[in-house]
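Fold and geometry: a report
Below are the chains, spelled out letter by letter.
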Amino acid sequence: MKYQDYITVSSLKEALEQLEKYGKDAVIVAGATDLAVKARSKDWYESKYLVDISRIQELQGIRKEQGKIMVGAMTTIYELLHSELIRKEAGLLYQACGNIAGPQIRNQATIGGNLANSCLAADTIPALCVLEATICIVGPSGTREIPVEELLKFCPPCVRHEEMSVGGCFYGIPAGKKNTLEPDEIITQVVIPVMSKDYRYSFQKVGRKKSGCMSRFTLAVAMKLSKDQKIEDVRLSIGAALADIRLQKEVTESLKGHKPDSELFHACMAQLGEKIRSQVRKVDDNIEYKAAVCERLGTRTLSELAFGTAFVE
């Protein structure tokens, strides 16, 4: 792997100074799991200065404050999976993390890196959208906070190449390409509102293997039933199938106020299947497969949630 220099920083101030100094030639390194794989196939980083932020203490840790869970951007997937706070208070993210790659990757990969890399097959992003999480970002002009679903840009070609392999990604430097981050900005933490215990939730993943593979399709859902057993709220997000990742509000809105019904769920997911077909038909040869998986897996998952057979903490 070729690069100009490898710079290790110990504070956000120092990191921002390096990003300002090297501009678009600076690349942030967190767990390096995606960067290292991409570097095998092309000389993405030959002219780049790698800025290692792994030693910044401000970016570490998981804590709860005022009804919200604060997750430092350098928190690894392993740490999320071994956090009782995440398991009990953000169970959907816990389920998603359990589907990410294998132990070696989980030990290195960070939640901030998973977001900043902005792969449409990233397992944490649909879950975080359903949890209505936000991202705290710092840059030269100060700090800002955005919903997770506003991070990714609309990128139809990403559906095709990202599901195949990380090494096949033609965006070696995602900032300014696939997401709304500026080249001189850093994700500092993820803020997750604690979901009411009235919600049932489920994360589903389809891949070429049972484990250790990238997602071909992901589904994150949370549902809340009223006292009279009508659907009070439902949040749904999918990954690796559309040109971005966000809450599918226009699809799920039709479910609210109704009694749970399998045919109703199928009609909802069929609408989302058609959205998949119409949005990315020209760039993904597997579009019919993904649309069918969306319809069938989505219908089954909604039914399991509604009728009480899915996970309830």
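In this report, we go over the structure that sits alongside the text. (Residues numbered from 1 in each chain as written. Predicted model: local features only at pLDDT ≥ 70, side-chain atom pairs only at ≥ 80, totals over all residues. Heavy atoms only, no water.)

Here we look at the sheet that holds strand S10 (residues 215-225)
Pairing within the open sheet is antiparallel, and its 3 strands lie in the order S9-S10-S11. Unpaired on one side and paired on the other, strand S9 (199-207) and strand S11 (231-239) mark the two borders of the sheet. This sheet shows a mean twist of 10° between the axes of neighbouring strands, independent of strand direction. Taken together, the 8 bridges between S10 and S11 define a ladder with antiparallel strand orientation. Counterpart to Thr218 in the pairing with S11 is Gly239. Sheet strands in contact with helix H11 (residues 262-280) are S10 and S11, and its direction is about 30° off that of S11. In the packing of helix H12 (residues 287-306) onto the sheet, the strands contacted are S9, S10 and S11, and the crossing angle to S10 comes to about 30°. (Pairing = 2+ DSSP bridges. Helix = DSSP H or I, 4+ residues; strand = E, 2+ residues; numbered from the N terminus. Axes fitted to C-alpha atoms, helices over the stretch in contact; angles between N-to-C directions. Contact = heavy atoms within 4.5 Å.)

A look at H12
The terminal C-alpha atoms of H12, which comprises 20 residues, lie 28 Å apart, in line with the 28 Å expected from a rise of 1.5 Å per residue. Here H12 lies mainly inside the structure; 14 of its 20 residues are buried. The positive-phi residue at the C-terminal boundary of H12 is Gly308, with phi of around 90°. (Expected span 1.5 Å × (residues − 1). Buried < 20%, exposed > 50% of the residue type's maximum accessible area, 1.4 Å probe, protein only.)

Considerations on the side chain of Thr299
Examined against the element boundaries, Thr299 turns out to sit in helix H12. For Thr299, a relative accessible area of 13% gives the class buried. Setting aside residues no more than four positions away along its own chain, Thr299 makes contact with Ser262, Phe265, His266, Met269 and Cys294.

Focus: unusual backbone geometry
Residue Ser118 is not a glycine yet carries a positive backbone phi of 55°. One can find Ser118 in the loop between helix H7 (111-117) and helix H8 (124-130). The phi angle at Gln229 is positive, at roughly 65°, despite the residue not being glycine. Note on placement: Gln229 falls in the loop between S10 and S11. Residue class for Gln229 comes out partly exposed when judged on its relative accessible area of 41%.

Let's talk about the packing of aromatic side chains
Taken as a whole and assessed by the stated rule, the structure comprises 2 aromatic pairs. Taken together, a centroid distance of 3.9 Å and an interplanar angle of 15° make the contact between Tyr22 and Tyr49 stacked. Taken as a pair, Tyr22 in helix H1 (residues 12-22) and Tyr49 in strand S3 (residues 49-52) lie far apart in primary sequence, 27 residues in all. Residue classification places Tyr22 among the buried positions, given a relative accessible area of 18%. In this structure, Arg235 is placed above the aromatic ring of Tyr199, and the distance from its NZ or CZ to the ring centre is 4.8 Å. (Phe/Tyr/Trp six-rings, centres within 6.5 Å; stacked < 30°, edge-to-face > 60°. Lys NZ or Arg CZ within 6 Å of the ring centre and 35° of its normal.)

Here's the deal with H11
Here H11 spans 27 Å end to end across 19 residues, near enough to the 27 Å set by a 1.5 Å rise per residue. The backbone nitrogen of Glu263 lies 2.9 Å from a side-chain oxygen of the residue at the head of H11, namely Asp261. (Polar contact = N/O pair within 3.5 Å; in protein donor to acceptor, adjacent residues only side chain to side chain.)

Here's the deal with the nonpolar core
The biggest cluster of nonpolar side chains holds 75 residues, and the ones touching the most others in it are Leu93, Leu115, Ile192 and Phe217. If we ignore the near neighbours within four places in the chain, the residues touching Phe217 are Gln204, Lys205, Val206, Ile238, Gly239, Ala240, Ala241, Ile276, Lys290, Val293, Cys294 and Leu297. Among the nonpolar cores identified, the runner-up in size contains 15 residues, and Ile7, Tyr22, Leu59 and Val138 belong to it. (Core = buried A, V, L, I, M, F, W, Y, C linked by side-chain atoms within 4.5 Å.)

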